Structures are given as structure tokens and as C-alpha cells.
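In case you want the letters, here they are:
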Amino acid sequence: MDTDLHHYTVEKVVKGFVYNELEEKGLFGLAGRLVIQPEYQRNYIYNDGKKDVAVIESLLKGYPIGLIYFNVVGDNLEVLDGQQRITSVGRFVTGKFAIRLDGNEQVFSSLPAEAQMKILKSELLVWHCQGAEKEITDWFQTINIAGIPLNPQEILNATYSGPFITEAKAEFSNSQNANMQKWSSYIKGDPKRQDILAEALKWVSSSQGISVDAYLAQHRKHADITSLKAYFSSVLDWIDSVFTRSPDKEMRGLEWGRLYEEYHSNSYDAAAIDADVDVLRADPAVSKPRGIYEYLLAGKEDKKLLAILLFDETTKRAAYEQQTQKAKADGMSNCPLCAIGDTANKTRIYKQSEMDADHVTAWSQGGNSDLENCQMLCITHNRAKGNR
């Protein structure tokens, strides 16, 4: 890859600056010659009132804001690194946000003339880079290890940039999408950091038994994302059909793609599911409420999903002492199941370390994890007893 250093003023770079508020990205600069956010770039994430303001304050103090890299594409340029800084400057100069100067809120047009000129005449050091596509994307990943690192999906967007990524980002990375509130009820993350898109791609690729990389490689040159949207919608519609309640906070970030593949062919009574969720969420013995949903989908069999709170040591010790005293008085084993049997252990007194705590009435049948519902069984009988 060939590189050469150029000197630009801020004024020249932001000439003709265009920012799309709906898509939250800078589009053009250098009077239309510069593409500020090519498809391999991440979304604009500096608009938090801190990072964008810091860029402007740096310029006003005369601090350099770091090297910038442009990719040469014919007669035009595209930002390889520096789009967050350039977009921040462009947004400020075009009046999109304010800073505090001498204790007062100031937009660009309300700054003193000398402050305006200091910003516009600030010099930017820009490397022009020319090379093959792979060289450019590899370099893009290399130079973006500083600052806010690229996350895996942002790297995939760079690697497989093209019509498919363009359409997919417009759908799943647009925080203004009317569906975003619903999607965010089930998926963790920031759409601008590609988290919703990453989950959608994970779901559809897993359903086909391939990696996300393989899926994007197959579809890279396609402008049609219908199949991706359809599968994503199928998963969410299935969730809504089974769990008709308003989304619980514990539902956010579950492996919905995997759960859909495993359970969507089953039939469920949505009203019964809703009632069960209420009961389980209110049960103090359920220490892992995020496991409630798969527990119900799987037929209430795998209690490990709920991490049921077992008897504490004080309760087990008290139950052991009560049983042992009575067993010795009766001349029987302190394991009630051994005591009613007809083996050599019928009168055996076990040490506490040789016994496990068991629910007299199973937790799944409403039994509590308290002393009244606790019995100590020998390890052999406890492990053989079902529905604990």
C-alpha cells in the first residue's frame, strides 16, 4: 500500500459537510470529494456530549487531534480512519451541538470570530493511502485498535462491506428504526455499535449451520436482505406468541435464536406460560430468573436452569439433629428410607457428611426450602429419589 502525507485545514475538510440525522452518520466533506463514512466504517458514536465536545475543545486549545487516514478511490477520497473526529467537527460547524465556553453554552455561530477562525484554520495531518481492497480493510482494522476498539461485528462490516452490509446496517443499525424499542427488549447492546445486527446475523447463520463470516461471504454482493429480516421477524414473533406478557427485564439478552430453533415446533398454552412465569419470578427459591423462560419452554424438567436455592447449612444441621435423636430413641436408621427398608442399613445411624438434604414435598410441587420441609437422606437414597 502506498501512502503520502497531506496537510488540510478543518475549513477545507468540512466544506460541503453533510450529516444525515436519521442514519446518524456523516456523508460528505471536501466539497463532495470526501466520503466520510464508507460502508466498512462503524456508525458515528461520538455524539454523547463528551467525546464530540472534547474534539472541539482540543481544537480551541490548539491541541492536535491525531493523524487521519484517507483512502484514495479514483478522483475521490474516503475516510479510512478519523471519521468520528471529522464528523464531530462537521456537526459542530453546522450547528448540530453546543459546547461550554467561559461558562456559557455556545454553538459555532455564537462563538467569537477569533474562536471560529481558530477552529476552521486548525491543521489536520492526513495520510492518503492507496492499495488493493484487502490491504485497505486490513489497514483499517490495524489502525482502529486505539481509542474505542472495533467490536467483532464492526470488523465483519469492514471485511464484507458491500450492498448487503449497506442494507443490513440501514435496517438493524439505525437507532431511529420504529422497531428498535421492541428489539431492544430482547437483545442487549447498542444498535450503533452493530449489536442488533450482530444478533440477527447470528440467528440466521446458526439456523443454516454456518458461521456469520460464511453467511456474509455468501450474501456480500446481494442488495436483498429479505431472508435475514424474515428469519429475525420469525424469532421475535414466536417469542411474542409464547410469552404474551410485556417483556421482563430478564428476557433481554437470552439466546433467543437457539431457543427458537430448539422449541418453536412445540405447542404452548400462552396463558398457562404467563401464569407460570409470574409464579416463578415471585418464588424466592429461584435464584436464576433468567432461566425461567427456557425452563418453561423445555417442559419444566431441568431445574438446574433456575438454580434453585437449596437448604442452608443451619437448616441441614437442625434437620439432622432432630432425625438422629428420634432415630436413636426408636432404634431405627436416621435415614427414613433405610428405616422402612429391610437391609443391613435399617438401624444404621449415618454421619451428617454421609447424608444429603431433601425436600419432603418437592420444590416443583410447591415445597419450600425450610426446616419443616427438610429431611436428611443417605446419599444413596437421595440420589435415587426423583423430583427433588
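Just above sits the structure.
Here goes a summary of the coordinates provided. Just so you know, these numbers come straight off a predicted model, no measurement behind them. Here the residue index of a chain counts from 1 through its sequence in written order. Two thresholds apply to this predicted model, a pLDDT of at least 70 for residue-level local features and 80 or more for giving and counting side-chain atom pairs, whereas whole-chain, interface and lining totals are computed over all residues. Water and hydrogen atoms were dropped before computing side-chain values, which therefore reflect all heavy atoms in the structure.

1. Topic: empty space enclosed by the protein
So, point 1. The rule is simple: put a 1 Å grid over the protein atoms alone, call a set of points where a 1.4 Å probe fits but cannot get out a cavity, call an open set with protein on both sides within 12 Å along at least five of seven lines a pocket, and count a residue as lining if it has an atom within 4 Å of a point. Grid points are joined across faces, edges and corners, and a volume is the space filled by probe spheres set on the points. Considering all chains together, one arrives at 1 cavity of 30 Å³ or more under this definition.
So, point 2. The wall of the largest cavity is formed by V10, V13, V14, I65, I68, R85, I86, V89 and L124.
So, point 3. Only DSSP runs of H or I covering at least 4 residues are called helices, and only runs of E covering at least 2 are called strands; the numbering of each starts at the N terminus. Only α1 (10-13) and α3 (83-93) provide two or more residues apiece to the lining of the largest cavity.
So, point 4. Note on residue categories: nonpolar means Ala, Val, Leu, Ile, Met, Phe, Trp, Tyr, Cys or Pro, charged means Asp, Glu, Lys or Arg, and polar means any other residue, Gly included. Partitioned by chemical class, the residues of the lining of the largest cavity number 8 nonpolar, no polar and 1 charged.

2. A short note on the environment of K121
So, point 1. Mapped onto the fold, K121 is located in the loop between α4 (113-120) and β9 (123-130).
So, point 2. Assessed through its relative accessible area of 46%, K121 is described here as partly exposed.
So, point 3. Whether two residues touch is decided by their heavy atoms; if any such pair falls within 4.5 Å, the residues are in contact. Setting aside residues up to four positions removed in sequence, K121 forms contacts with T9 and E11. Accessibility here uses a 1.4 Å probe with only protein chains present; expressed as a share of the type maximum, an area under 20% marks a residue as buried, one over 50% as exposed, and anything in between as partly exposed.

3. What to know about the packing of aromatic side chains
In this description, a pair of aromatic rings is defined by centroid distance and the angle of the planes.
So, point 1. By convention, a stacked pair of Phe, Tyr or Trp rings (six-membered ring in the case of Trp) has centres within 6.5 Å and planes under 30 degrees apart, an edge-to-face pair has planes over 60 apart, and any other such pair is tilted. Counted by the stated rule, this structure contains 14 aromatic pairs.
So, point 2. Between Y186 and W256, the aromatic rings sit 6.0 Å apart at their centres with planes inclined by 85°, giving edge-to-face as the arrangement. Note that Y186 is positioned in helix α8 (residues 180-186) and W256 in helix α12 (residues 256-263), a separation of 70 residues in sequence.
So, point 3. Residue classification places Y186 among the buried residues on the basis of a relative accessible area of 3%.
So, point 4. Taking relative accessible area as the criterion, W256 reaches 0% and is therefore assigned buried.
So, point 5. Ring pairs connect the aromatic residues F172, W183, W203 and F232, which therefore count as one cluster.
So, point 6. We count a charge as sitting over a ring when the NZ of a lysine or the CZ of an arginine lies within 6 Å of the ring centre and within 35 degrees of the ring normal. We note R91 situated over the ring of Y19; from NZ or CZ to the ring centre the distance is 5.0 Å.

4. A short note on the pattern of salt bridges
So, point 1. Any carboxyl oxygen of Asp or Glu within 4 Å of a side-chain nitrogen of Lys or Arg constitutes a salt bridge here. Applying the stated criterion across every chain, the model contains 21 salt bridges.
So, point 2. Where R85 meets D81, a salt bridge forms, and the shortest distance between an N and an O atom there is 3.3 Å.
So, point 3. Accessibility expressed as a relative area gives 14% for R85, which makes it buried.
So, point 4. Under the relative-accessibility criterion, D81 is labelled buried at 13%.
So, point 5. A salt bridge links E171 to K229, with the nearest nitrogen and oxygen atoms 4.0 Å apart. You can see E171 sitting in helix α7 (residues 163-172) and its partner K229 sitting in helix α11 (residues 226-242), a full 58 residues away along the chain.
So, point 6. The class for E171 is buried, based on a relative accessible area of 18%.
So, point 7. One connected set of salt bridges, linked through shared partners, spans R245, D248, E250, D274, D278 and R281.

5. Points about the state of the cysteines
Simply put, disulfide is the name for a covalent bond between the sulfur atoms of two cysteines.
So, point 1. We call a pair of cysteine sulfur atoms a disulfide whenever their separation is within 2.5 Å. Evaluated as defined, the whole model comprises 0 disulfides.
So, point 2. The thiol of C335 is not disulfide-bonded; the next cysteine sulfur, from C338, is found 3.7 Å away.
So, point 3. Not part of a disulfide, C378 finds its nearest cysteine sulfur in C335, a span of 3.7 Å.
So, point 4. Exposure remark for C378: the relative accessible area of 4% places this residue in the buried category.

6. Considerations on the packing of α7 against α11
So, point 1. Here an axis means a line fitted to C-alpha atoms, over the contact stretch when the element is a helix, while the angle between two N-to-C directions is reported on a 0 to 180 degree scale. α11 packs onto α7 with a crossing angle of 35° between their chain directions and a minimal axis gap of 10 Å. Judged by the twist between their axes, the crossing of α7 over α11 is right-handed. Contacts between α7 and α11 involve F164, A168, E171 and F172 from the former and L228, K229 and F232 from the latter.
So, point 2. Residues of the contact of α7 with α11, tallied by class, amount to 5 nonpolar, no polar and 2 charged. Left-handed is the label given to a crossing in which the near helix is rotated counterclockwise from the far helix by less than a right angle, and right-handed is the label when the rotation is clockwise.

7. Some words on the pairing of strand β5 (residues 68-73)
So, point 1. When DSSP finds two or more bridges between two strands, those strands count as paired. The sheet contact formed by β5 and β9 spans 4 bridges and is parallel. Considered in β9, the bridge of I68 is made with V126.
So, point 2. Note: β5 against strand β6 (residues 76-81), 5 bridges, orientation antiparallel. Note that in β6 the partner of N71 across the bridge is E78.

8. Comments concerning α12
So, point 1. Among the residues making up α12, those that are buried are W256, G257, L259, Y260 and Y263. Down the axis of α12, the buried set is contained in an arc of 165°. They therefore lie on one face. Each direction from the helix axis to a C-beta atom contributes to the arc, which is the arc of those directions.

9. Things to note about the nonpolar core
So, point 1. Take the buried Ala, Val, Leu, Ile, Met, Phe, Trp, Tyr and Cys residues and link them wherever side-chain atoms come within 4.5 Å; each set so joined is a nonpolar core. Of all hydrophobic cores here, the largest spans 49 residues; its most connected members are L228, F232, W238, I239, F243 and W256.
So, point 2. Of all elements in the fold, only α7, α8, α9 (195-207), α10 (212-219), α11, α12, α13 (270-282) and α14 (292-297) reach the threshold of two or more residues within this core.
So, point 3. The greatest single-element share of this core, amounting to 8 residues, is contributed by α11.
So, point 4. Discounting residues that sit within four places of it in the chain, I239 has contacts with Y186, M251 and W256.
So, point 5. Y19, Y46, I56 and I68 belong to the second-largest nonpolar core, a separate cluster that totals 34 residues.

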